[in-house]
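# Report on the structure
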Amino acid sequence: MTDKLTRFWPLIASAAFAVLLAVNAAQSAATRNDARTVLPPDTISAQQVYTNAPDGVDPIVTGPVSTAFKQRQAAANCETAVWPNIPMVCYPN
């Protein structure tokens with residue numbers, strides 16, 4: 001009986017290693033944090049436009065805006081943007 005069991009140890013070890021790799025890959029994919037997008041160098045930032053506001057300008061719009069503007073803000077991650085790295089897309093025209 002022992003001889004039959006020892007034949008399967010490499011197979012069992014390989015299967016356990018494959019399961020371990022699959023679990024690790026699934027965990028990595030589930031907990032991945034996307035890096036914040038960096039503004040391209042030719043993009044004008046809010047800090048360049050509002051030079052007279054050293055403490056920053058809040059991009060929160062209190063009036064009515066279009067749905068397209070809200071979608072652009074969501075795509076640019078305006079809610080999590082921190083001064084001075086706020087793209088001009090966050091501000092209404």
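Only a predicted model underlies this, so the values are computations on that prediction, with no experimental measurement involved.

Among the surface-exposed residues, Leu5, Phe8, Trp9, Leu11 and Ile12 lie close enough to one another that they form a single nonpolar patch of about 520 Å² accessible area. Note on placement: Ile12 falls in helix H1 (residues 2–30).

So, about the state of the cysteines. Taken as a whole and judged by the stated rule, the model has one disulfide. Paired through a disulfide, Cys78 and Cys90 show a sulfur-sulfur distance of 1.9 Å. Taking the torsion about the sulfur-sulfur bond, which here is approximately -90°, the covalent link between Cys78 and Cys90 counts as left-handed. Highlighted residues: Cys78 in the segment after helix H3 (67–75) and Cys90 in the segment after H3, separated in sequence by twelve residues. Residue class for Cys78 comes out buried when judged on its relative accessible area of 9%.

What follows concerns unusual backbone geometry. Within the chain, Asn77 stands out as a residue other than glycine whose phi angle is a positive 55°. Topologically, Asn77 is positioned in the segment after H3. Taking the relative accessible area as the measure of exposure, Asn77 reaches 42% and is therefore partly exposed.

Definitions and limits used
- Residues numbered from 1 in each chain as written.
- Predicted model: local features only at pLDDT ≥ 70, side-chain atom pairs only at ≥ 80, totals over all residues.
- Heavy atoms only, no water.
- Patch = residues over 30% accessible without salt bridge, like charges linked within 9 Å, V, L, I, M, F, W, Y side chains within 5 Å.
- Areas by Shrake-Rupley, 256 points an atom, 1.4 Å probe, with all protein chains shown as cover.
- Salt bridge = Lys/Arg side-chain N within 4 Å of Asp/Glu carboxyl O.
- Helix = DSSP H or I, 4+ residues; strand = E, 2+ residues; numbered from the N terminus.
- Disulfide = S-S within 2.5 Å.
- Buried < 20%, exposed > 50% of the residue type's maximum accessible area, 1.4 Å probe, protein only.

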